[in-house]
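# A look at the structure
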Amino acid sequence: QVQLVESGGGLVQAGGSLRLSCAAPYVTLTPNTMGWYRQAPGKQRDLAAAITSGGITDYADDVKGRFSISRDNAKKTVYLQMNSLKPEDTGVYYCNVNRKGYSFGNYNYWGQGTQVTVSS
């Protein structure tokens with residue numbers, strides 16, 4: 001399993017901001033997609049935001065307009081800027097990087113997760 005290096009979680013008041021980072025220094029082939037999934041207590045892990053190598057983004061409906069995902073391919077790093085945070089954004093955020101659909105070199109890696117807690 002390739003290690004992903006996540007950072008940026010923490011405790012913030014409602015309306016505040018956090019920026020998550022996830023680096024994939026040991027990945028040698030460029031990921032198709034890099035993204036962040038979140039898992040609230042007692043719920044399944046769902047996509048929060050993702051970005052392709054070409055810069056196409058996808059967001060969960062409830063974060064549109066508040067979260068912004070970006071990536072630096074040279075640094076093999078994906079960022080999630082989270083603004084106007086709400087208590088319902090609380091959960092563990094997991095980084096995912098994957099490369100799919102090729103005859104070789106496919107992979108799907110997960111980070112260990114970083115806790116985001118938004119207080120009301």
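Here, every reference points to the structure presented above.
This text gives an overview of the structure that appears in the document. All figures in this text were calculated on a predicted structure; none of them were measured in a lab. (Residues numbered from 1 in each chain as written. Predicted model: local features only at pLDDT ≥ 70, side-chain atom pairs only at ≥ 80, totals over all residues. Heavy atoms only, no water.)

## Observations regarding the environment of Asn 32
Where we set the bar: Elements are defined by DSSP. Helices are runs of H or I of four residues or more, strands are runs of E of two residues or more, and each kind is numbered from the N terminus. Only protein chains enter the calculation, and the probe is 1.4 Å; a residue is then buried if its accessible area is under 20% of its type maximum, exposed if over 50%, and partly exposed in between. Contacts are assigned to residue pairs that have any heavy atoms within 4.5 Å of one another. Contacts described as polar in this section are N or O atom pairs within 3.5 Å, which, within protein, must combine one atom able to donate a hydrogen with one able to accept it, while residues neighboring in sequence count only if both atoms come from side chains.
Looking at the secondary structure, you find Asn 32 in the loop between strand 3 (18-23) and strand 4 (33-39). The buried category is assigned to Asn 32, whose relative accessible area is 17%. On a C-alpha basis, the gap between Asn 32 and Asn 98 in space is 6.0 Å, while along the polypeptide they are 66 residues apart. Setting aside its immediate chain neighbours within four residues, Asn 32 contacts Ile 51, Thr 52, Ser 53, Arg 71, Asn 98, Arg 99, Lys 100 and Tyr 102. Of note is the side chain of Asn 32, whose polar atom sits 2.7 Å from the backbone nitrogen of Lys 100. For Asn 32, the side chain forms a polar contact with the side chain of Tyr 102, separated by 3.1 Å.

## Digging into the pattern of salt bridges
Applied cut-off: We define a salt bridge as a contact between a side-chain nitrogen of Lys or Arg and a carboxyl oxygen of Asp or Glu at a distance within 4 Å.
Enumeration according to the criterion identifies four salt bridges in this entry. With a shortest N-O distance of 3.2 Å, Lys 64 and Asp 61 are connected by a salt bridge. Across the pair Asp 89 and Arg 66 runs a salt bridge whose closest N-O atoms are separated by 2.8 Å. Here Arg 66 lies in the loop between strand 6 (57-59) and strand 7 (67-72) and Asp 89 lies in the loop between strand 8 (77-82) and strand 9 (91-99), a separation of 23 residues in the sequence. Asp 89 sits in the buried class, given a relative accessible area of 1%. Overlapping salt bridges, with partners in common, bring together Arg 38, Asp 62, Arg 66 and Asp 89 in one network.

## Digging into the nonpolar core
This is how it is decided: Buried Ala, Val, Leu, Ile, Met, Phe, Trp, Tyr and Cys residues that are joined via side-chain atoms within 4.5 Å together make up what is termed a nonpolar core.
Within the largest apolar cluster, 28 residues are counted, with the highest numbers of intra-cluster contacts made by Trp 36, Phe 67, Ile 69, Val 78, Leu 80, Met 82 and Tyr 93. For this core, the elements supplying multiple residues, two or more each, are strand 3, strand 4, strand 5 (45-52), strand 7, strand 8, strand 9, strand 10 (107-110) and strand 11 (114-119).

## A few points about the state of the cysteines
Inclusion rule: Cysteine sulfur atoms that come within 2.5 Å of each other are treated as a disulfide pair.
Taken as a whole, this structure holds one disulfide when the rule is applied. Between the sulfur atoms of Cys 22 and its disulfide mate Cys 95 the distance is 2.0 Å. Residues Cys 22 and Cys 95 are joined by a disulfide whose S-S torsion is about -85 degrees; by sign, that bridge is left-handed. Placement of the pair is Cys 22 in strand 3 and Cys 95 in strand 9, with a sequence separation of 73 residues.

## A word on the pairing of strand 4
Spelled out, the test is: Think of it this way: DSSP has to see at least two bridges between two strands before they count as a pair.
With seven bridges connecting them, strand 4 and strand 5 associate as antiparallel partners. Paired with Gln 39 across the two strands is Arg 45, which belongs to strand 5. The antiparallel pairing of strand 4 with strand 5 creates a hairpin that spans five residues between the two strands, and Gly 42 there sits at a positive phi of about 75 degrees. Bridge analysis of strand 4 against strand 9 gives seven bridges, and the strand direction is antiparallel. The partner of Met 34 across the bridge, within strand 9, is Val 97.

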